[in-house]
Amino acid sequence: MWELMKVTTWARQYAELLCPQKHLKKQGPTGMDQEPESEPRRIREGYLVKKGSMFSSWKPMWVVLSEDGIEYFKKKIDNSPKGMIPLKGSALTSPCQDFGKRMFVVKLTTAKQQDHFFQASHLEEKDAWVKDIKKAIQCIERGKRFSRKSTRKSIKLPSSINLGTLYLSMKDPDKGIREMKLEKDKKIFNHCFTGSCVIDWLLSNNSIRNRQEGLVLASALLNEGYFQPAGDASKSAAEGLAETSFLDHDDAFYYFADSGFFCEGNSSDDDAILSEEFRGTVIKQGCLLKQGHRRKNWKVRKFVLREDPAYIHYYDPAGGEEPLGSIHLRGCVVTAIEDNANGKKNEVEGNLFEIITASEVHYVLQAAASAERTEWIKAIQLVSRTGK
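Because the structure is a prediction, the values reported are computed rather than measured. (Residues numbered from 1 in each chain as written. Predicted model: local features only at pLDDT ≥ 70, side-chain atom pairs only at ≥ 80, totals over all residues. Heavy atoms only, no water.)

(A) The overall build of the protein, seen in detail. Helices and strands together make up the secondary structure of the protein, namely nine helices and 21 strands. Counting over 388 residues, the protein shows a buried share of 42%. Sequence separation of at least 24 residues holds for 50% of the intrachain contacts in the protein that already meet a minimum separation of 6. Of the accessible surface of the protein, which amounts to about 23300 Å², a share of 50% is contributed by carbon and sulfur atoms. (Helix = DSSP H or I, 4+ residues; strand = E, 2+ residues; numbered from the N terminus. Buried < 20%, exposed > 50% of the residue type's maximum accessible area, 1.4 Å probe, protein only. Contact = heavy atoms within 4.5 Å. Areas by Shrake-Rupley, 256 points an atom, 1.4 Å probe, with all protein chains shown as cover.)

In structure tokens form, the structure reads like this:
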């Protein structure tokens, strides 16, 4: 019996040497045993487009940001991630301008100097991810739990300047910068404005003391992706071919990143009719799952909702400026649905809604969350009643 007890004790001690974390409990200040810390909490999740590590292809992924890392999945319903990126020792670069025309890209560089690139569907989405990722990294460095209650300001700009707030003021339909239709080199630029208009607006709102200060502030807005260049002059300056990245000129054109901007040249009557769809103001955009009409498979698509005329266009989020299709929303019916009879079981889970157009074409979509589904339905219902 004594020999058996010695063998059992020896076996337990040997197991503790191999896996001490499974046998030891943390002790508090009083020496009392404590339970292990809870698992890292999820901070944000949603669709982002990720550049492949081995190949140059960009693919939409379901991305989950937790307190200590980022996991990305091929599908939202997958249990096993395609990869995991630790945040400890990582650095975030935003905006990342390594890919030319690709907008809203951020770069996450790990402690082992591995670069990971993610692209958001629109500016506000990019800003939200950047804010949370940066804060998660800071919390790790300081040994604190993630909390949204902090009001610590960015150290990159003076406390009196907030680019996000300034951008919203500029977009104000009554007091902001007026979007115009401008013509140059036999091309018409819709929903844009000149560089000199930006500086004039900043001066009139007492945001700057002189035009030189205005160039600095406007360049910051351009570099952060709030402005986009339109036309050869502004694009060349943004690429570093001029003394400043932003031009205080009447022939340098820019547009808001989330506006209804489009450019048209000498086009046919059919092209003119098609371009009419893009004249409406963008009121909502983001990624949704869309069911195909023929194969009934599900793919991530970027949707852009415009009003007057009432259209929603959908794009390949991984690339391509041309829409894959459009849905005319005037007189449509949009409702939440709990089940999709034509879909494969377990392929999607909940938050479905359906758009039935006036010509009785059915579109089945899935939002990432219940609240997001409600927002899309309300926005589409409003547009279907007020837009032409």
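(B) Just the packing of aromatic side chains, in detail. The tally for this structure, following the rule as stated, stands at twelve aromatic pairs. Ring centres 6.0 Å apart and planes at 35 degrees place the aromatic pair F227 and F246 in the tilted group. Residue F227 is located in strand β12 (residues 227-230), and its partner F246 is located in the loop between α7 (232-238) and β13 (253-256); the two are separated by 19 residues in the primary sequence. Like F246, F227 is buried. Between F227 and F256, the ring centres sit 6.1 Å apart and the planes meet at 45 degrees, which makes this aromatic pair tilted. Of this pair, F227 sits in strand β12 while F256 sits in strand β13, placing them 29 residues apart in sequence. Taking relative accessible area as the criterion, F227 reaches 0% and is therefore assigned buried. Three or more aromatic residues joined by ring pairs make a cluster, and in this case those are Y167, F193, Y226, F227, F246, Y254 and F256. Over the aromatic face of Y72 sits the side chain of K50, whose NZ or CZ is 4.7 Å from the ring centroid. (Phe/Tyr/Trp six-rings, centres within 6.5 Å; stacked < 30°, edge-to-face > 60°. Lys NZ or Arg CZ within 6 Å of the ring centre and 35° of its normal.)

(C) Quick peek at the pattern of salt bridges. By the definition in use, this model includes ten salt bridges. When the shortest N-O distance is used, the salt bridge between E45 and R42 registers 3.0 Å. E45 sits in the partly exposed class, given a relative accessible area of 39%. For R42, a relative accessible area of 53% corresponds to the exposed category. For D127, the salt bridge identified is with K126, shortest N-O distance 3.6 Å. Here D127 falls in the partly exposed class, since its relative accessible area comes to 25%. With a relative accessible area of 2%, K126 lands in the buried category. (Salt bridge = Lys/Arg side-chain N within 4 Å of Asp/Glu carboxyl O.)

(D) Representation of the pairing of β12. In β12, alternate side chains face the same way, and those of F227 and P229 on one face and Q228 and A230 on the other are all buried. The sheet contact formed by β12 and β13 spans four bridges and is antiparallel. Directly across from A230, in β13, lies its bridge partner F253. (Pairing = 2+ DSSP bridges.)

(E) Layout of the sheet that holds strand β16 (residues 298-307). The antiparallel open sheet is built from seven strands, whose spatial order is β18-β17-β16-β15-β21-β20-β19. Two strands bound the open sheet, and with one partner strand each, they are β18 (325-328) and β19 (333-337). For this sheet the average axis-to-axis angle between neighbouring strands, irrespective of direction, equals 35 degrees. Pairing of strand β17 (residues 311-315) with β18 involves four bridges; the strand directions are antiparallel. In the sheet register, I312 faces β18, and the bridge partner there is I327. In the packing of helix α9 (residues 370-386) onto the sheet, contacts are made with β15 (281-291), β16, β17, β19 and β20 (352-356), and the angle to β15 comes to roughly 125 degrees. (Axes fitted to C-alpha atoms, helices over the stretch in contact; angles between N-to-C directions.)

(F) Expanded view of a positive patch on the surface. Judged by side-chain charge, K59, K74, K75 and K82 come together as a positively charged surface patch. Relative to the helices and strands, K75 is located in the loop between β5 (69-73) and β6 (83-86). (Patch = residues over 30% accessible without salt bridge, like charges linked within 9 Å, V, L, I, M, F, W, Y side chains within 5 Å. Lys, Arg positive; Asp, Glu negative; His and termini not counted. Charge placed at Lys NZ, Arg CZ, Asp CG, Glu CD.)

(G) Representation of unusual backbone geometry. Following D308, the chain continues into P309 via a peptide bond in cis, with omega recorded as 5 degrees. With respect to the secondary-structure elements, P309 resides in the loop between β16 and β17. With a phi angle near 50 degrees, D308 is a residue other than glycine that sits in the positive phi range. Along the polypeptide, D308 turns up in the loop between β16 and β17.

(H) Local environment of the environment of T357. Within the fold, T357 resides in the loop between β20 and β21 (362-366). Taking C-alpha positions, T357 is 8.5 Å from V334, a pair spaced 23 residues apart along the chain. For T357, the contacting residues outside a window of four places in its chain are I327, H328, C332 and Y363.

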